[in-house]
Amino acid sequence: MNIKERKKALVKEFSPMLEGTSLISKIWIGSLVVIVLLGIYAFFLQLFNGHEVTGMRDNVVWGIFIVNFIFFVCLSYSGAFISGILHFFKTPWKNAIGRIVEMITVLSLIIGPIFILLCIGRLDRLHYLFMYPRIQSPITWDIIAIMTDLVACILYLYLTFIPDFAILRDNSNELKVPTWQKKMYKFLALGYQDTKEQSRRLHKITQIMSVMVIVLAIVAYSVLAWIFSLTLQPGWNSTIFAPYFIIAGLFSGVAVIIITMYLVRRFFKLENYIRRMHFVVGGIIMLVMALLYGYFTFSDYFAKWFSHKIGDMNLLDTLFSRYFWLFIFANYFGILVPIVILYFKRFRKVRYITLAAVIAIVGIWFNRYLIVVPTLETPFIPIQDTRPEFIHYTATWVEWAMSAAGVAGFLLLFTLIAKFVPIISMSSIVEYESAPKKVKRHIKKITE
Amino acid sequence: MKSNNIKYTFIATIVITLFTSITMLAQKFDASNYNMMFNFKTAKQHDNTRLLEVSYIARNNEDSKDEMPVLDAEVKFYNILNEKEILIGSAKTTKDGIAKFIVPADFSYLAAADGFINITAKYVGSDVLSEESEELLFKDLQLQLELTEVEGVRMIKGKAFVLNNAGEELPVEADLYFYAGGMLTKMKIEDGIVEEGALEYEFEYSSNLPGTVDGNITFYITVEDHDEFGNVTQKQTINWGTPNPQIAESNKLWSEVAPIWMYVVLTILIVGVWANFIYTGINLFIIRKEGKLLEEKSKRR
């Protein structure tokens, strides 16, 4: 096989993704920009008027911002974990979905921490966190962990992009893209020529980084769970919270990957690359995660119920009265329905697997909401003569607008990156195709 | 058609079941189904006041677990001697069916020649409930508790007697129980009897109970469920405790300075990770350098 010619052919094949913008794409990007702008307007409203414009009050000091923060950060960590595993074990599936996973990892880690900043009442004092950190506080650990993880993920994503930048640079004549974009390919390719020495070096550092992101994901996500579980609050003070968060993260991570695969496959018509097999494997992983997640959820609530501690009982009363349907959806529907869909072979079709992923994602988001809000609405000390809006939380349009802007920002960045670099790693395809037949046969055997 | 009928019948059954509750069949309270329990008891307290307590509860004749306290029933307490009837006071039953009244310490009871006092609790009744009354006969027992320490020996003395009309102390026969007070309940430390003309029972206190943080212990002497005297209590507090030394555990995690292990572990972790970032950066630099060299070579050719 002539590698040079194959690279050229791949660039030609993927060029429609990078060249020009269709009307649908323009409408899509335009809509996302509008939502982001609305979110920015809501942010300034909050900045100038304070948290009064949100539903957060003295009692319920955390609302949907922290829910989004946990959700996005958990998406990122699970993405890093899955991507690290795909790379470390040189799984052939990484050719098709590796880049999607890496992009989800980095983008959610960029969007997620923005939500924690929105929880801060006095953003003008943000620098105090760095000037006067308390090393004993899990919040300080979390800042360090998130910043370190962000650098690691961006670096890791960049490492996996380098060979593709080099391919795009070498075949830029085939592309009808602006000159600045070609210059960017050249700059970001770092003079990579795919020589033996360069390839060996790049593989080595990517391999080390893939292990590191797995470890960092576990450490950082455990720290995030400890922010809750190291307090004595009913519903949070649980020894299984760290592994529970990791399992929940992997569950939601796989679900988002499946949804993204479905959208990318349909939008870019990549049925040849993202095949049914990817969905089935993703679905089986999601099934295992759903079973584990269900088991952890049951254990956590069962221990709370059985202990009969007043705080926990009050919390369970709140969950089974004010939040009854949300609780049922998050912890029954959101777990059992994906399990049923994924368990039966005849339901393991692309559409059904994606539907299971959507239900799982909604369920996980509700679960996060139920972890944060009802606990804050059920304090240890009884409150007297307090206005109901101080005890009960309802998100305002300002919070929903910023939340929607976060999701839109994520999708916008994903779309823009997909317009800059092919969503399927070209270098991985070349690497796979040029591998000895024996290796390919072995890979085929595993995947079948 | 037949299957449709079965289907609709099934759905209708489910709907009716869901909207039906057992409480729909509940009847209005009917006293005839219930046995009314009007119980009266009294206890002389440590400050010489006397607690009069009535428990008024309706119990289902068929189901003894089904008990309903009578709420807001006014119970009147009388001191009766022959034809003379003095109203001491009255109280209304609470939601637990309890009516309590405390007779002041200086109240002069009408007593019979043999020293017995008759106190009667009465409820006049209502449209639904019939009249209730119960009387108690008891002698006014004088109980005293004395705590002394002579040359390091700690003695506890309990004295029980009744007073005659002339104010003389008359001996009684009774079991005396001695307790040390705790945070939740009392702990029995001794029991003794006063009989055959003896007025007192004395014993040495040699325990080393911790008491409160200040070393105070409250001792109690009681006569319990006596046929003539009922329940009588007396108490005294004294600094005889030997408090356990309080070791205040300082909270390491929230102290001003974090523990050393935390600095060490976090530093190793962070330095390790960032060192790898630098290592990656160096490798990328080398890749770039090699790429530049290759580019120059190809240009020269």
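Since we're looking at a predicted model, the values are computed, not measured.

Novice: Give me the overall build of chain A: which residues, what numbers.
Specialist: Regarding its fold elements, chain A presents 17 helices and zero strands. Here chain A holds 448 residues, and the buried ones make up 41% of them. Within chain A, contacts between residues at least 6 apart in sequence are counted, and of these 84% link residues at least 24 apart.

Novice: Explain the interface of chain A and chain B residue by residue, including any values.
Specialist: With 21 residues of chain A in contact, the opposing surface of chain B contributes 21 residues. Among the elements of the structure, α6 (138-170) and α8 (196-229) of chain A are those that each provide at least two residues to the side of chain A that touches chain B. Classifying every residue of the side of chain A that touches chain B by side-chain character gives 13 nonpolar, six polar and two charged.

Novice: A description of the sheet that holds strand β4 (residues 74-81) of chain B should follow, citing residues and the corresponding values.
Specialist: Residues and elements named next belong to chain B. As summarised here, the arrangement of the four strands in space is β5-β4-β7-β8, forming an open sheet in which the pairing is antiparallel. Single-partner strands in this sheet number two, and they are β5 (84-92) and β8 (132-139). Strand after strand, the sheet turns through a mean of 20° between neighbouring axes, direction not considered.

Novice: Any chance you could break down the environment of B:R154 for me, citing the residues and the numbers?
Specialist: Residue and element names in this part refer to chain B. Mapped onto the elements, R154 comes out in strand β10 (residues 153-163). The class for R154 is partly exposed, based on 15 C-beta atoms found within 10 Å. Sequence-distant contacts of R154, that is, excluding residues within four places in its chain, are made with E149, E204, Y205 and W240.

Novice: Tell me about the packing of helix α4 (residues 94-118) of chain A against helix α9 (residues 241-268) of chain A, and please be specific about residues and values.
Specialist: Helices that pack against each other are described as a pair by the angle of their axes relative to one another and the distance between those axes. Residue and element names in this part refer to chain A. Close contact between α4 and α9 brings their axes to 10 Å; oriented N to C, the two are set at 120°. By the angle between their directions, the pair α4 and α9 is classed as oblique. The hand of the α4/α9 crossing is right-handed. Here α4 contributes I97, I100, V101 and I104 to the contact with α9, which in turn contributes V256, I257, T260, M261 and V264.

Novice: Which residues make up the nonpolar core, and what are the values?
Specialist: Of all hydrophobic cores here, the largest spans 127 residues; its most connected members are A:F251, A:I257 and A:M286. Setting aside chain neighbours within four positions, we find A:M286 in contact with A:F251, A:V254, A:A255, A:I258, A:P338, A:L342, A:A356, A:A357 and A:A360. In terms of nonpolar packing, the next biggest core, distinct from the first, is built from 20 residues, B:A160, B:L176, B:Y201 and B:Y220 among them.

Definitions and limits used
- Residues numbered from 1 in each chain as written.
- Chains lettered and ligands numbered in written order.
- Predicted model: local features only at pLDDT ≥ 70, side-chain atom pairs only at ≥ 80, totals over all residues.
- Helix = DSSP H or I, 4+ residues; strand = E, 2+ residues; numbered from the N terminus.
- Buried ≥ 20, exposed ≤ 12 C-beta atoms within 10 Å, placed from the backbone.
- Contact = placed C-beta atoms within 7 Å.
- Nonpolar A, V, L, I, M, F, W, Y, C, P; charged D, E, K, R; others polar.
- Pairing = 2+ DSSP bridges.
- Axes fitted to C-alpha atoms, helices over the stretch in contact; angles between N-to-C directions.
- Parallel < 35°, antiparallel > 145°, perpendicular 65-115°, else oblique.
- Left-handed = near helix turned anticlockwise from the far one by under 90°.
- Core = buried A, V, L, I, M, F, W, Y, C linked by C-beta atoms within 7 Å.

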